[in-house]
Amino acid sequence: MADMSHSTEDTPSDAGGDAVAVLDMLSGLVIAQTLRALAVLQIPDHLADGALTAEEVAEREGSHPQATYRLMRAASALGVLSYEGNRRFGLTGRGRLLRTGVPGSLRNQVLVQTGHAHWQSWAHFPEAVRQGASQAKEALGADIWEYYARPENAEEAARFAEAMGDMSSVVAQGAVAAFDATGVSTVVDVGGADGHFILALMAADSQLLGQVLDLAHSVEGARQNASKNGLSARFSATAGDFFEEVPPADLYLLKTILHDWDDDQCTTILRNCRSAVNEGGRALVVEMVIGEIGKPDFTSRGDMAMLAMTNGMERDLDEFDALFAASGWRRVRTYPVGAGYFGLELLAV
Ligand SMILES: C[S@@+](CC[C@H](N)C(=O)[O-])C[C@H]1O[C@@H](n2cnc3c(N)ncnc32)[C@H](O)[C@@H]1O
C-alpha cells in the first residue's frame, strides 16, 4: 500500500477539508469582532425582554438597519442569537452571556479582548515570537500595566478590572466550595484588583479578615466593592508592589497573577509571599493549566494571548511545580474551580 502519510502538493490527502479548516481558524478574528459589535451596540441587552426585528434594534440603537440585520444574521449563524423568522432575532444561552451585568457576563471580556490595547498588541505578534517578548510597548508606548495606569486610559483600565472581576465571581464560587479555610483568619489577595475574589471568600466565611494588595490605581475600586457588599469592617486595600513585599497573612490568593510574569518574576512574587506568610500558612493559586501537548487545549491559545500582551505565560503543572519548589512552596491539592480554571493549593515548606 502506498505511504499516504506525507502528502505532497500534487497529491493532497484532503486539500478541500484542510483548506476549510484553516479558513475556519482564520475567521476567529471575524468572530471576535462580531462579538465586539454585538457588545458595543448592546444588542443582547436590547433583546433581554424578547425577540426583536433587526430594524427595531437598529432604531433603538441608532445603527444602520441593513448592517444591523447582517450582524444579527451572522450572530445567529454562530449560535449567539436565535432566528425567529421575519427578520426577528432572540437571545440564546450564549447571547445571554453578552448582556450587561448578568451573573457570569462575558461582555467585559469581549470588550477587553477586542479592545484597543489587545488589538494593537496582536498586530505585533509575530515579532513577539521572534523576540520572545510581548511587543505591547511597541504597540501602546508602554507595557500593559503602565498603559492601564495612565490617567488617559482609566476607562479601559476600569473595563479590564471589571472583566477580571466578572471571571473572579464565576471562579470564586468554585474556589469557595473546594477550599477548606480551617485555621485561616487573615487573607491577602495579591494583585487582587477590584477584590471580587477575596470578597466572595469573605462573604462565605464571616471570620475572615481580607486585604487586597494592588497598584495604586486599582485599590479604590476594591474599597468601593467592599463597601457595596457591606464588608468594609473586615476589609482593607493596600497600594503596593508585590515585587517588593506583601503584607503578612495566613493565606495568599494569587488569581491569574503568575501567568502575567516570567519565571524569575513569579519566583520573586512567590518568595515574597513565602517570607511574609504566617506559621503553617497557605497560598491558593488560581490559573488555567496547559493540558496534554498535541490535543485540543484552550489554555495553549490563552498562552498566545499572554505572549502578545505580557511577559508571562500559561504553564503546565510541572512548570508550576518548578516555580513553587524554587520559592519555598509545595502544591498539596489541585481542583477545578470553574470556567476552565484550577485551584492549586500550596503549603509553605
Ligand atoms: C490579570 S490581573 C488579575 C486581577 C485579579 N487577581 C483577578 O484575577 O481578578 C493582574 C493584577 O495585578 C496587578 N498588578 C500588576 N503589577 C503589580 C505589582 N507590581 N504589584 C501589585 N499588583 C500588580 C494589576 O493591577 C492587576 O490588578
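Here the residue numbering is sequential within each chain, running from 1 through the sequence in written order. Where totals are concerned, whole chains, interfaces and linings use all residues; where local detail is concerned, this predicted model gives features only for residues with pLDDT of at least 70, and gives and counts side-chain atom pairs only at 80 or more.

## Concerning the environment of glutamate 220
Elements are defined by DSSP. Helices are runs of H or I of four residues or more, strands are runs of E of two residues or more, and each kind is numbered from the N terminus. For glutamate 220, the location among the structural elements is in helix H14 (residues 216-228). Exposure classification rests on a simple neighbour count of other C-beta atoms within 10 Å of a residue's own: a residue reaching 20 or more is buried, one at 12 or fewer is exposed, and one in between is partly exposed. C-beta atoms are placed from the backbone. Looking at glutamate 220, the number of C-beta atoms within 10 Å reads 13, which means it is partly exposed. Separated by 82 residues in the primary sequence, glutamate 220 and glycine 302 place their C-alpha atoms 29 Å from one another.

## So, the pairing of strand E6 (residues 235-239)
Here the rule is simple: two strands pair whenever DSSP picks up at least two bridges between them. Pairing between strand E5 (residues 209-214) and E6: five bridges, direction parallel. By the bridge assignment, aspartate 214 is partnered in E6 with alanine 239. A right-handed crossover is one whose linking path, passing over the helix from the first strand to the second, runs clockwise when the strands point away from the viewer. After leaving E5, the chain enters H14 and then returns to the sheet as E6, a path that is right-handed.

## Description of the domain arrangement of the chain
For every domain, the bounds stem from an assignment made automatically or drawn from a database. By domain assignment, the chain separates into domain 1 (16-100) and domain 2 (166-348). For domain 1 and domain 2, the distance between their C-alpha centroids amounts to 35 Å.

## Section: the sheet that holds strand E10 (residues 341-348)
Strand order in the open sheet formed by seven strands is E6-E5-E4-E7-E8-E10-E9, with mixed pairing between adjacent strands. The strands lining the two open edges of the sheet, one partner per strand, are E6 and strand E9 (329-338). Each neighbouring strand pair of the sheet contributes to a mean axis angle of 20°, computed without reference to strand direction. In terms of strand pairing, strand E7 (residues 249-255) meets strand E8 (residues 277-287) through six bridges, oriented parallel. Among the inter-strand pairings, leucine 251 is bridged to a residue of E8, identified as arginine 282. Placing C-beta atoms from the backbone, we regard two residues as in contact once those atoms come within 7 Å. A fitted line through C-alpha atoms represents every axis, and for helices the fit uses only the stretch in contact; the resulting angles, taken between N-to-C directions, go from 0 to 180 degrees. Lying on the sheet, H14 is in contact with E5 and E6; it crosses E6 at an angle near 170°. In the packing of helix H15 (residues 263-276) onto the sheet, the strands contacted are strand E4 (186-190), E7, E8, E9 and E10, and the crossing angle to E8 comes to about 150°.

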